[in-house]
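Letter by letter, the chains look like this.
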Amino acid sequence: MAEPSEAAARPPIEVDTFDDHDSVIDDDELSTFTASVTSSVLDYPSEHGRRYHAFRSGVYPLPNDELELDRLDLAHAVMVKTIDDRLFLAPIDPNKMDRILDIGTGTGIWSMAMGDEYPNPLILGNDLSAVQPTWVPPNVKFEIDDVEDEWVHDAPFDYIFCRYMAGCILNWPKLVNSVYANVKPGGWAEFQDFDLTYYSEDGSLKEDGPTNKWQTLLQSACRTIGREPNPGPQLQKWVEEAGFENITHEKFVVPLGPWPRDKKLKDVGMFNMANILGGLEAFSLRLFIGVLGWEKEEVLVLTSQVRKELKSIHVHAQIDFHIVHAQKPQ
């Protein structure tokens, strides 16, 4: 199997210089990177002070409340900015297509951005929660669906897009096979996902620190319930096994915090810091309490330690973002 090309056939990210008193990221600075979205509040169950989806309750471990929807839009910004403000990397012209599917659309932000830019195709976004806006481009539609069920679409798609499903999917090969079965011959699929293990290239993120403890436990909890937390590095294998051809695999480095000297990476790092620090409780509560048996107070103590470590300007954390696009044979 070929190694992924990297926007990282690259030297390590160069660390910027800061004043001595700037030892942590200021909360006011971080808040300027936080966008807000609105959603309809439906009759969803609540656990641990957070709201969760009702359809197939328990299948998805993260909340669907306003705090989480705001974070998902930040995550969208992180991923789009990482690939130079592009919505996709597959070699396609959406305006020459009829049907596009966005799997696990979340807030619907990717589908709506595609609908604004490409008015010709029907763009269908599906998700377990009906949290998407009602005012959308005329060619965009949303539906509640579980992508791990059998697919019952009335026609195949020209392009299927699947992004940021880490920790959410029970059977990845089955999902990729469903994508293959529902894309037209000659059509394209694209998968964008993470290896969610944070690391540093200079040793500044300590192996015995709270962040490493937290992410090790979190990933263990995901695997206990059968959901892979780090699908990114395995995407190419699953796509090959499903029968796709013309496969391209690219890997991008995503920093956390404003420590890179490079302006673009510094900007991505701030968005990612707002995303991760804003999501620590969302990532942790249901898995640590429901799977690992922790008390809520224990979870909050650990996440506060993680927050403190990651906000240190001396910690140069980063993760890897993988993108695989491929074509179904004619």
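Residues numbered from 1 in each chain as written. Predicted model: local features only at pLDDT ≥ 70, side-chain atom pairs only at ≥ 80, totals over all residues. Heavy atoms only, no water.

Points about the overall build of the protein chain
This is how the line gets drawn: Runs of H or I in DSSP of at least four residues are treated as helices and runs of E of at least two as strands, each being numbered from the N terminus. Exposure categories follow from relative accessible area, calculated using a 1.4 Å probe and restricted to protein chains: below 20% of the type maximum is buried, above 50% is exposed, and the middle band is partly exposed. What makes two residues a contact is simply this: any of their non-hydrogen atoms within 4.5 Å. Each accessible area is a Shrake-Rupley result for a 1.4 Å probe, and residues are judged covered by the shown protein chains and nothing else.
Counting its secondary structure elements, the protein chain contains eight helices and ten strands. The proportion of buried residues among the 330 residues of the protein chain is 55%. For the protein chain, contacts bridging at least 24 residues in sequence account for 74% of all contacts bridging at least 6. When the accessible area of the protein chain is evaluated, it comes to approximately 14,500 Å², of which 51% is carbon and sulfur surface.

Section: the packing of helix H4 (residues 172–182) against helix H6 (residues 235–242)
Inclusion rule: Helix axes are fitted only over the stretch in contact, all axes being lines through C-alpha atoms; the angle between N-to-C directions runs from 0 to 180 degrees. Reported orientations rely on four angle classes, namely roughly parallel under 35 degrees, roughly antiparallel over 145, roughly perpendicular from 65 to 115, and oblique for the rest. When the near helix sits turned anticlockwise from the far one by under a right angle, the crossing is termed left-handed; a clockwise turn instead gives a right-handed crossing. Polar here means any residue other than Ala, Val, Leu, Ile, Met, Phe, Trp, Tyr, Cys and Pro, which are nonpolar, and Asp, Glu, Lys and Arg, which are charged; Gly is therefore polar.
The interhelical angle for the contact between H4 and H6, taken along N-to-C directions, is 50 degrees, at an axis separation of 9 Å. Our classification of the angle between H4 and H6 gives oblique. With respect to the hand of their crossing, H4 and H6 are arranged in right-handed fashion. Of the residues in H6, those in contact with Trp-172, Pro-173, Val-176, Asn-177 and Tyr-180 of H4 are Leu-235, Trp-238, Val-239 and Ala-242. Partitioning the contact of H4 with H6 into residue classes produces eight nonpolar, one polar and no charged.

Overview of the pattern of salt bridges
Stated precisely, the cut-off is as follows: Just to be clear on terms, a salt bridge is a Lys or Arg side-chain nitrogen sitting within 4 Å of an Asp or Glu carboxyl oxygen.
For the coordinates displayed, the defined rule picks out twelve salt bridges. Between Glu-14 and Arg-261 there is a salt bridge whose closest N-O contact spans 2.8 Å. Of this pair, Glu-14 sits in the loop between strand E1 (5–6) and helix H1 (27–31) while Arg-261 sits in the loop between strand E9 (245–255) and helix H7 (263–290); the two residues are 247 residues apart in sequence, bridging distant segments of the chain. Look at Arg-261 and you get partly exposed, because its relative accessible area is 38%. Lys-264 serves as the salt-bridge partner of Asp-84, at 3.0 Å between the closest nitrogen and oxygen.

Some words on the packing of helix H2 (residues 66–82) against H7
The interhelical angle for the contact between H2 and H7, taken along N-to-C directions, is 150 degrees, at an axis separation of 9 Å. When the axis of H2 is compared with that of H7, the two are roughly antiparallel. Considering the relative orientation of H2 and H7, their crossing is left-handed. Residues Glu-68, Arg-71, Leu-74, Ala-75, Ala-77, Val-78, Lys-81 and Thr-82 of H2 pack against Lys-264, Asp-267, Val-268, Phe-271, Asn-272, Ala-274, Asn-275, Gly-278, Gly-279, Ala-282 and Phe-283 of H7. Grouping the amino acids of the contact of H2 with H7 by side-chain chemistry returns nine nonpolar, five polar and five charged.

Some thoughts on empty space enclosed by the protein
Under the convention used in this document: For each structure, a 1 Å grid was placed over the protein atoms alone; sets of points admitting a 1.4 Å probe that cannot get out are labelled cavities, open sets with protein on both sides within 12 Å along at least five of seven lines are labelled pockets, and lining residues have an atom within 4 Å of a point. Grid points are joined across faces, edges and corners, and a volume is the space filled by probe spheres set on the points.
Tallied over the full model, the rule gives three cavities of 30 Å³ or more. One number sums up the size of the second largest cavity: a volume of about 50 Å³. Of all the elements in the fold, those that place two or more residues in the lining of the second largest cavity are H2, strand E8 (183–199) and H7. The class makeup of the residues in the lining of the second largest cavity is nine nonpolar, two polar and no charged.

Section: the side chain of Gln-327
Stated precisely, the cut-off is as follows: Identification of polar contacts relies on pairs of N or O atoms within 3.5 Å, with a donor-acceptor requirement for protein atoms, meaning one able to donate a hydrogen and the other able to accept it, and with residues adjacent in sequence counted only if both atoms are side-chain atoms.
Checked against the element boundaries, Gln-327 lands in strand E10 (residues 318–327). Under the relative-accessibility criterion, Gln-327 is labelled buried at 14%. Polar side-chain contacts of Gln-327 include one of 2.7 Å to the side chain of Asn-246. Apart from the residues lying within four places of it in its own chain, the contact partners of Gln-327 are Gly-186, Gly-187, Trp-188, Phe-244, Glu-245 and Asn-246.

Observations regarding the environment of Gly-104
Take Gly-104: it is sitting in the loop between strand E4 (99–103) and helix H3 (109–117). The spatial distance from the C-alpha of Gly-104 to the C-alpha of Met-165 is 7.4 Å, given a sequence separation of 61 residues. Those residues within four positions of Gly-104 in sequence are excluded, and the remaining contacts are Asn-126, Asp-127 and Met-165.

Examining the confidence of the model for the protein chain
We apply this condition: pLDDT runs from 0 to 100 and stands for how confident the predictor is about each residue.
On average, residues of the protein chain score 88 in pLDDT, and 85% of them are at 70 or above. Here residues 33–44 is a poorly scored stretch, pLDDT under 50, and it has 31 contacts once near neighbours within four places are set aside; other chains count.

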